[in-house]
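Here is how the chains run, residue by residue.
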Amino acid sequence: MAPMDNTVPPYDALLWPSVQALRSLGGSGSLSEINERAVEQGDFTSEQQAILHGDGPRTEIEYRLAWARTHLRMMDLVDNSARGVWTLTESGRQVKESQIKELHVRARRKRQRERTDRRPVATVEDGRKNNGTETDNGPDDDGNWREQLLDAVMAMPPDGFERLAQRLLREAGFISVKVTGGSGDGGIDGLGLYRMSLVSFPIFFQCKRYRGNVPPSAVRDFRGAMAGRGDKGLLITTGTFSSEAKKEATRPGAPPIDLIDGEALCDLLKKHGLGVKTEIVEIESIKVEHRFFAEV
């Protein structure tokens, strides 16, 4: 692990901060909400937020927070839905910081016993296959499918990514979506018309293939390119938006910019079946009951 990575706390040091983040969100939150609140409360520096896990696209902080959520679920302190919403259980709402370490130790011991008692079975969680454990290939709430999908998007030529965004916006309800990137349009990649009931309005969009954090300057530049043309903007990236970029997007007195990061992009592609195929797989888990044989 690179020296810079060592400035990010290990996942077990993020267990309690993750609980606190969920509590401050009212007991439930999406992955992006939990990550953003944990980073905000943890007072991480911009340098720490910029550290990638491996070659990306996730940051090291996001990766370790994902591990923290995985272990919190093993500890029965949180649960998550198929829609990616994480919620504190009753135990999670009542737990104290002083209890976290012991609960973590117990959960790990229990999981080790379960692994010993059962043979490996194939499972599918959140679109990802593994060999029967939740912690062999990575944290089980984000899944490798998102990383594979973002790698595929990153491998596309720039105009290919713009066409993908065009198709995604069409699937999402936009009409008359035009790609203008590469035609000297000053940083605006396209324009779409979004219809809401009887009213429609134009929205400019820009596509940025990033690994890691998109800085606030990118939001300011996009807003500047929109000046005099419209006041609705959508910034789409394969990376993540720094906390400063998110604040800039909603800065008072300036036209707001809607942000779609890599995680949201993956979910949208999955929702609309663009390059992502979802299969429901029935799982058979077999466990030997040793007590039965002892009592025969």
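Residues numbered from 1 in each chain as written. Predicted model: local features only at pLDDT ≥ 70, side-chain atom pairs only at ≥ 80, totals over all residues. Heavy atoms only, no water.

### Points about the sheet that holds strand E6 (residues 174-179)
Two strands in a sheet stick together by hydrogen bonds in their backbones, pointing the same way (parallel) or opposite ways (antiparallel). What the 5 strands build is an open sheet, ordered E6-E7-E8-E10-E12; its pairing is mixed. Looking at the sheet topology across the chains shown, the edges are occupied by E6 and strand E12 (257-260). Averaged over all neighbouring strand pairs, the angle between strand axes comes to 25 degrees, with direction disregarded. As judged from the 5 bridges shared by strand E8 (residues 199-208) and strand E10 (residues 233-237), these two strands associate in the parallel manner. (Pairing = 2+ DSSP bridges. Helix = DSSP H or I, 4+ residues; strand = E, 2+ residues; numbered from the N terminus. Axes fitted to C-alpha atoms, helices over the stretch in contact; angles between N-to-C directions.)

### Things to note about empty space enclosed by the protein
The tally for this structure, following the rule as stated, stands at 1 cavity of 30 Å³ or more. One number sums up the size of the largest cavity: a volume of about 410 Å³. Around the largest cavity, the lining comprises 27 residues; the ones closest to its centre are Asn35, Thr59, Glu62, Thr240 and Asp261. Only helix H2 (31-42), helix H4 (60-74), helix H7 (144-154), strand E11 (240-241), helix H10 (243-249) and helix H11 (262-271) provide two or more residues apiece to the lining of the largest cavity. Counting residues per element, the lining of the largest cavity draws most heavily on H2, at 5 residues. Classifying every residue of the lining of the largest cavity gives 6 nonpolar, 12 polar and 9 charged. (1 Å grid on protein atoms, 1.4 Å probe; cavity = no way out; pocket = protein on both sides within 12 Å on 5 of 7 lines; lining within 4 Å. Points joined across faces, edges and corners; volume = space filled by probe spheres on them. Nonpolar A, V, L, I, M, F, W, Y, C, P; charged D, E, K, R; others polar.)

### Here we look at the nonpolar core
The biggest cluster of nonpolar side chains holds 26 residues, and the ones touching the most others in it are Leu72, Met75 and Ile100. Broken down by secondary-structure element, the contributors of at least two residues to this core are helix H1 (15-24), H2, H4, strand E3 (85-88) and helix H6 (100-117). Among residues more than four places away in sequence, those in contact with Leu72 are Leu15, Ser18, Val19, Leu77 and Val78. Trp145, Leu168, Leu169 and Ile203 belong to the second largest nonpolar core, which has 22 residues in total. (Core = buried A, V, L, I, M, F, W, Y, C linked by side-chain atoms within 4.5 Å. Buried < 20%, exposed > 50% of the residue type's maximum accessible area, 1.4 Å probe, protein only. Contact = heavy atoms within 4.5 Å.)

### Comments concerning a nonpolar patch on the surface
Taken together, Val288, Phe292 and Phe293 make up a surface patch of nonpolar side chains, about 330 Å² in accessible area. Examined against the element boundaries, Val288 turns out to sit in the loop between H11 and helix H12 (290-295). For Val288, a relative accessible area of 40% translates into the label partly exposed. (Patch = residues over 30% accessible without salt bridge, like charges linked within 9 Å, V, L, I, M, F, W, Y side chains within 5 Å. Areas by Shrake-Rupley, 256 points an atom, 1.4 Å probe, with all protein chains shown as cover. Salt bridge = Lys/Arg side-chain N within 4 Å of Asp/Glu carboxyl O.)

### What to know about the packing of helix H8 (residues 158-171) against H11
If you want to describe how two helices pack, look at the angle between their axes and the distance between the axes. In the contact formed by H8 and H11, the axes pass within 11 Å of each other and the chain directions differ by 60 degrees. It follows that H8 is oblique to H11 by the angle criterion. As H8 packs across H11, the resulting crossing turns out to be left-handed. Across the interface between the two elements, Phe161, Leu164 and Leu168 from H8 touch Leu265, Leu268 and Leu269 from H11. When its residues are assigned to classes, the contact of H8 with H11 shows 6 nonpolar, no polar and no charged. (Parallel < 35°, antiparallel > 145°, perpendicular 65-115°, else oblique. Left-handed = near helix turned anticlockwise from the far one by under 90°.)

### Describing the packing of H1 against H4
In the contact formed by H1 and H4, the axes pass within 9 Å of each other and the chain directions differ by 85 degrees. Classified by the interaxial angle, the pair formed by H1 and H4 is roughly perpendicular. On the side of H1, the interface is formed by Leu15, Ser18 and Val19, while H4 contributes Leu65, Ala68, His71 and Leu72. For the contact of H1 with H4, the residue count by class is 5 nonpolar, 2 polar and no charged.

### A short note on the pattern of salt bridges
Under the definition given, this model contains 10 salt bridges. Across the pair Lys246 and Glu36 runs a salt bridge, and its minimum N-O distance is 3.4 Å. Pair noted here: Lys246 is in helix H10 and Glu36 is in helix H2, with a separation of 210 residues, a long-range link. The exposure class assigned to Glu36 is partly exposed, which follows from its relative accessible area of 35%. A salt bridge links Asp159 to Arg163, with the nearest nitrogen and oxygen atoms 3.3 Å apart. Placement of both Asp159 and Arg163 in helix H8 is noted, with a separation of 4 residues, approximately one turn of the helix. For Asp159, a relative accessible area of 41% gives the class partly exposed.

### Observations concerning unusual backbone geometry
Positive phi outside glycine occurs at Asp43, with the angle close to 55 degrees. A relative accessible area of 65% places Asp43 in the exposed class. One non-glycine residue, Asp76, lies in positive phi territory at about 60 degrees. Within the fold, Asp76 resides in the loop between H4 and strand E2 (78-80). Residue classification places Asp76 among the partly exposed residues on the basis of a relative accessible area of 49%.

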